[in-house]
Amino acid sequence: QKEVEQDPGPLSVPEGAIVSLNCTYSNSAFQYFMWYRQYSRKGPELLMYTYSSGNKEDGRFTAQVDKSSKYISLFIRDSQPSDSATYLCAARSYGNNRLAFGKGNQVVVIP
Amino acid sequence: SAVISQKPSRDICQRGTSLTIQCQVDSQVTMMFWYRQQPGQSLTLIATANQGSEATYESGFVIDKFPISRPNLTFSTLTVSNMSPEDSSIYLCSVGTGGDSPLHFGNGTRLTVT
C-alpha cells in the first residue's frame, strides 16, 4: 500500500464550478499535509500547507485534513481556467523531511 | 520563498552518457533534495543533498548512478550516470529551511534518453 493514495483520473469542470480533490494516507505519523499545483512544464508550486487536522482557507482554496479517517481534501471555489493544472497532495511526519506524494490529479476548467 | 533555478531545463541524451543537473538557490537553505517525477507516478525522493558530506540516498537509488554534490548552502548538483531510456524523467530540486517549513521546488529538468 502506498503511503499516499490519490486517484489520478483527470477532472474536467465548467468555469465557476467547485473543484473537489481528495487523497487518503496510511501513515498515522503524518502531521503535515500539503497541496502543490503543477502547471505544464513547471515544477510543483506550494498551494496549501496544513498541520494536523482541521481546515485552512486561502482565497478560493480550502484544505481539509481529517486525521481520524486519514483523509485530505482540497476545494477550489469559483474555478477559473487559470486553475487548470495538476494538483499533488503530499504528507510528512514531524522531524522527517521526506515527502510522500500522491500521483496527482489533472484538472481542466473549461471556459 | 526562495527562488530555485535549475539547469538545464531540458536535454536529450544518448544512452551510456552522463548528465549533470545544477540547482542554485538565491538564499541559504538548510535542506536540499532531489526528486524524480516519472509519467503517471508519484514524485519520488532520490536523495538528500548534505552540505559538506555524502548525500543520503533513498532505497533503490545508489551513489554510483546518481552522484550528488553540495559544496555550500545555495548550490547542489545531481549527475545521472550511464543513462538508459528508463532514466527519462523529470528531475526536481527541492529546498527547505528546516523545522516545520514546507518544501519548495524548482522547475525541473526534463531528461530524455535515446
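Use the structure listed above.
Read on for an overview of the structure. (Residues numbered from 1 in each chain as written. Chains lettered and ligands numbered in written order. Predicted model: local features only at pLDDT ≥ 70, side-chain atom pairs only at ≥ 80, totals over all residues. Heavy atoms only, no water.)

**Quick word on the interface of chain A and chain B**
We apply this condition: Any two residues whose heavy atoms approach within 4.5 Å at even a single point are treated as in contact. Put simply, buried area is the surface a 1.4 Å probe can reach on two separate parts but cannot reach once they are joined, added for both. Throughout this description, a polar contact denotes any pair of N or O atoms lying within 3.5 Å of each other; where both atoms belong to protein, one of them has to be capable of donating a hydrogen while the other can accept it, and for residues adjacent in sequence the pair is counted only when both atoms sit in side chains. By definition, any uninterrupted DSSP run of H or I lasting at least four residues is a helix, any uninterrupted run of E lasting at least two residues is a strand, and each is numbered from the N terminus.
Contact residues are listed per partner, giving 19 residues for chain A and 22 residues for chain B. For the pair chain A and chain B, the summed buried surface comes to about 1700 Å²; carbon and sulfur atoms form 51% of the total. On the chain A side of the contact with chain B, A:Arg41, A:Asn97 and A:Phe101 bury the most area, a combined 28% of that side's loss. Taken together, chain A and chain B are joined by eight residue pairs in polar contact (both at pLDDT 80 or more). At the level of secondary structure, the elements contributing two or more residues to the side of chain A that touches chain B comprise β4 (30-38), β5 (45-51) and β9 (85-93) of chain A. If you tally residues by element for the side of chain A that touches chain B, the top one is β4(A), at three residues.

**Concerning the sheet that holds strand β7 (residues 61-66) of chain A**
Residues and elements named next belong to chain A. The condition that has to hold: Any two strands between which DSSP finds at least two bridges are classified as paired.
Taken in spatial order, the five strands line up as β1-β3-β8-β7-β6 in an open sheet, and their pairing is antiparallel. Each end of this open sheet is capped by a strand with a single partner; those strands are β1 (4-5) and β6 (54-58). One ladder, built from five bridges, connects β6 with β7; its direction is antiparallel. Bridge pairing links Glu57 to Thr62 in β7.

**Points about the pairing of strand β3 (residues 19-25) of chain B**
All names here are of chain B. Applied cut-off: Relative accessible area decides the class of each residue, using a 1.4 Å probe on protein chains only: under 20% of the type maximum gives buried, over 50% gives exposed, and in between gives partly exposed.
Here β3 shows a clear split, with Leu19, Ile21, Cys23 and Val25 buried on one side and none of Thr20, Gln22 and Gln24 buried on the other. Summarising the sheet, strand β1 (residues 4-7) and β3 pair through four bridges and their orientation is antiparallel. Bridging across to β3, Lys7 finds its partner in Gln22. One ladder, built from six bridges, connects β3 with strand β8 (residues 75-80); its direction is antiparallel. By the bridge assignment, Leu19 is partnered in β8 with Val80.

**So, the pattern of salt bridges**
Residue and element names in this part refer to chain B. What counts, and what does not: The term salt bridge refers to a pairing of a side-chain nitrogen on Lys or Arg with a carboxyl oxygen on Asp or Glu at a separation within 4 Å.
All chains considered together, the criterion is met by five salt bridges over all chains. Two residues, Asp87 and Lys65, come together in a salt bridge whose shortest N-O distance is 2.6 Å. Placement of Asp87 in the loop between β8 and β9 (89-96) and of Lys65 in the loop between β6 (56-57) and β7 (68-72) is noted, with a sequence separation of 22 residues between them. Among the residues examined, Asp87 registers a relative accessible area of 6% and is labelled buried.

**Re the packing of aromatic side chains**
Within a pair of aromatic rings, the relevant descriptors are the distance that separates the centres and the angle that separates the planes. Condition: Stacked, tilted and edge-to-face pairs are distinguished by plane angle, under 30 degrees for stacked and over 60 for edge-to-face with tilted covering the rest, among Phe, Tyr and Trp rings (Trp via its six-membered ring) whose centres lie within 6.5 Å. The rule for a charge over a ring is simple: NZ of Lys or CZ of Arg within 6 Å of the ring centre, and within 35 degrees of the ring normal.
As enumerated under the stated definition, the model contains 11 aromatic pairs over all chains in all. When the centroid spacing of 5.8 Å and the interplanar angle of 45 degrees are considered together, the rings of A:Tyr36 and A:Phe101 count as tilted. Of this pair, A:Tyr36 sits in strand β4 while A:Phe101 sits in strand β10 (residues 100-101); the two residues are 65 residues apart in sequence, bridging distant segments of the chain. When sorted by exposure, A:Tyr36 lands in the same class as A:Phe101, which is buried. Grouped by ring-pair contacts, the aromatic residues A:Tyr36, A:Phe101, B:Tyr35 and B:Phe105 constitute a single cluster. The aromatic ring of A:Tyr32 is capped on one face by A:Arg92, whose charged end is 4.5 Å from the ring centroid.

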